Amino acid sequence: MKQTMGISTLDFDYLRQLVYQHSAVVLDSDKTYLAELYLQPIAEAAGFSTITNLIAYLRHQPLNDLHIQSIEALVTNETSFFRDTYPFEALKQLVLPELIKKRRIERSLNIWCAACSHGQEPYSIAMLIREHFPLLANWSLKIIASDFSSKVLARAKEGRYNQLEIKRGLPKNLHERYFKLLDNGWQIHDEIRQIIDFQQINLVDSWSFLPNIDIIFLRNVLIYFDIATKKDLLTKVKQQLNPDGYLFLGSGETTINLHESFERVHFDKSIFYRLRSVPSDNAIAPRK
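Residues numbered from 1 in each chain as written. Predicted model: local features only at pLDDT ≥ 70, side-chain atom pairs only at ≥ 80, totals over all residues. Heavy atoms only, no water.

Let us now look at helix α2 (residues 32-45). Look at α2: 20 Å from first C-alpha to last across 14 residues, which is about the 20 Å you get at 1.5 Å a residue. Here α2 has its buried residues at Thr32, Leu34, Ala35, Leu39, Ile42 and Ala43. Residue glycine 47 follows α2 closely and has a positive phi angle near 90 degrees. (Helix = DSSP H or I, 4+ residues; strand = E, 2+ residues; numbered from the N terminus. Expected span 1.5 Å × (residues − 1). Buried < 20%, exposed > 50% of the residue type's maximum accessible area, 1.4 Å probe, protein only.)

Listed below in structure tokens is the structure:
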């Protein structure tokens with residue numbers, strides 16, 4: 001049997017299938033190093049001498065906590081504050097002002113970060129709103145932050161970050177204003193943490209319990225799924241998004257050739273999406 005970094009091709013194929021079955025995330029066949037890197041601590045903590053022994057156990061047991069830990073460990077959780085910058089500028093300069101104008105009667109706004117990882121994205125949105133849209137303090141504002149992993153969500157709720165994470169994208173003035181030094185790291189202030197509603201959601205499951213959403217951040221998520229899952233997720237986005245709502249994807253992602261219900265909106269260097277059914281006189285007009 002061919003071995004790659006101590007894990008056989010057959011064993012890694014089992015892990016790939018396990019991850020796909022329970023998260024719909026597609027692990028490339030050349031990502032064996034992920035298993036070596038992330039499963040070793042799990043194997044040791046569970047008393048297995050090797051990852052191979054851990055996998056042998058997983059194969060012959062019903063789904064349990066070790067399966068879940070292994071799946072969560074293999075799903076990427078890369079993120080940073082104000083990642084890529086441009087979507088947040090579009091949010092500040094165009095999308096939020098327009099939606100605030102449209103919602104001025106009901107005074108209600110729902111935002112969903114659909115794969116929040118360690119929390120930098122929803123906290124970035126919350127800080128942006130606190131800085132530039134203080135009037136929303138008197139609105140019914142809901143920022144939902146969800147992730148597949150309970151471990152990742154627990155860390156996001158805590159809102160604690162090391163120096164490297166703080167330096168990745170967080171402006172100095174926001175660092176000074178919204179974080180406090182705690183032991184060897186930094187914790188975001190309670191006033192920001194309390195704005196966020198953290199929920200564990202597997203995107204391949206139903207979202208019907210969520211409210212209708214005005215802005216969905218589904219950034220750097222579609223790249224991990226196969227074509228069929230991407231189409232299914234975009235169909236569910238269409239159902240969850242308000243008719244005049246907006247969808248933000250990652251810079252390398254698109255709805256083109258996946259779902260005809262969306263059209264692109266360009267603003268400066270940012271691209272985001274709206275539903276085609278929105279009448280042109282009510283929609284945000286593309287601006288350069």
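With that settled, consider the side chain of aspartate 244. With respect to the helices, strands and loops of the structure, aspartate 244 is situated in strand β10 (residues 241-249). A polar atom in the side chain of aspartate 244 sits 2.7 Å from the side chain of arginine 103. (Polar contact = N/O pair within 3.5 Å; in protein donor to acceptor, adjacent residues only side chain to side chain.)

Now for the sheet that holds strand β11 (residues 262-267). The strand order β8-β4-β3-β9-β10-β12-β11 describes an open sheet built from 7 strands, whose pairing is mixed. What marks the edges here is a single partner per strand, and that holds for β8 (196-200) and β11. Averaged over all adjacent pairs, the angle separating strand axes in this sheet is 25 degrees, with direction ignored. The pairing of strand β4 (residues 140-147) with β8 spans 5 bridges and is parallel. Opposite alanine 145, over in β8, you have phenylalanine 198 as the bridge partner. Packed onto the sheet, helix α6 (residues 120-132) meets β3 (108-113), β4, β8 and β9 (213-218) and runs at close to 165 degrees relative to β4. (Pairing = 2+ DSSP bridges. Axes fitted to C-alpha atoms, helices over the stretch in contact; angles between N-to-C directions. Contact = heavy atoms within 4.5 Å.)

Before going further, it helps to spend a moment on the layout of surface pockets. The space that makes up the largest pocket amounts to roughly 530 Å³. Along its surface, the largest pocket is lined by 20 residues, and Tyr38, Glu72, Ala73, Asn77 and Lys151 are the ones closest to its centre. The set of elements that each furnish at least two residues to the lining of the largest pocket consists of α2, α4 (65-74) and α7 (150-158). Element by element, the count of residues in the lining of the largest pocket is highest for α4, at 5 residues. Space inside the second largest pocket adds up to approximately 430 Å³. If you trace the second largest pocket, you find 25 residues lining it, with Thr76, Ala115, Asp147, Asn220 and Val221 closest to the centre. The residue inventory of the lining of the second largest pocket, partitioned by class, reads 11 nonpolar, 9 polar and 5 charged. (1 Å grid on protein atoms, 1.4 Å probe; cavity = no way out; pocket = protein on both sides within 12 Å on 5 of 7 lines; lining within 4 Å. Points joined across faces, edges and corners; volume = space filled by probe spheres on them. Nonpolar A, V, L, I, M, F, W, Y, C, P; charged D, E, K, R; others polar.)

Looking now at the pattern of salt bridges. Throughout the structure, instances matching the rule amount to 15 salt bridges. Between arginine 16 and aspartate 13 there is a salt bridge, and its shortest N-O distance comes to 3.6 Å. You can see arginine 16 and its partner aspartate 13 sitting in helix α1 (residues 9-23), 3 residues apart, about one turn around the helix. Residue aspartate 13 is classed as partly exposed on the basis of its relative accessible area of 35%. Through salt bridges with shared partners, a single ionic network connects Arg103, Asp214 and Asp244. (Salt bridge = Lys/Arg side-chain N within 4 Å of Asp/Glu carboxyl O.)

The next thing to look at is the sheet that holds strand β7 (residues 185-188). Strand order in the open sheet formed by 3 strands is β5-β7-β6, and the pairing between neighbours is antiparallel. Pairing within the sheet leaves two strands with one partner each, and these edge strands are β5 (160-161) and β6 (179-182). Here 2 bridges tie β5 to β7, and the two strands are oriented antiparallel to one another. Of the residues in β7, the one forming a bridge with arginine 160 is glutamine 187.

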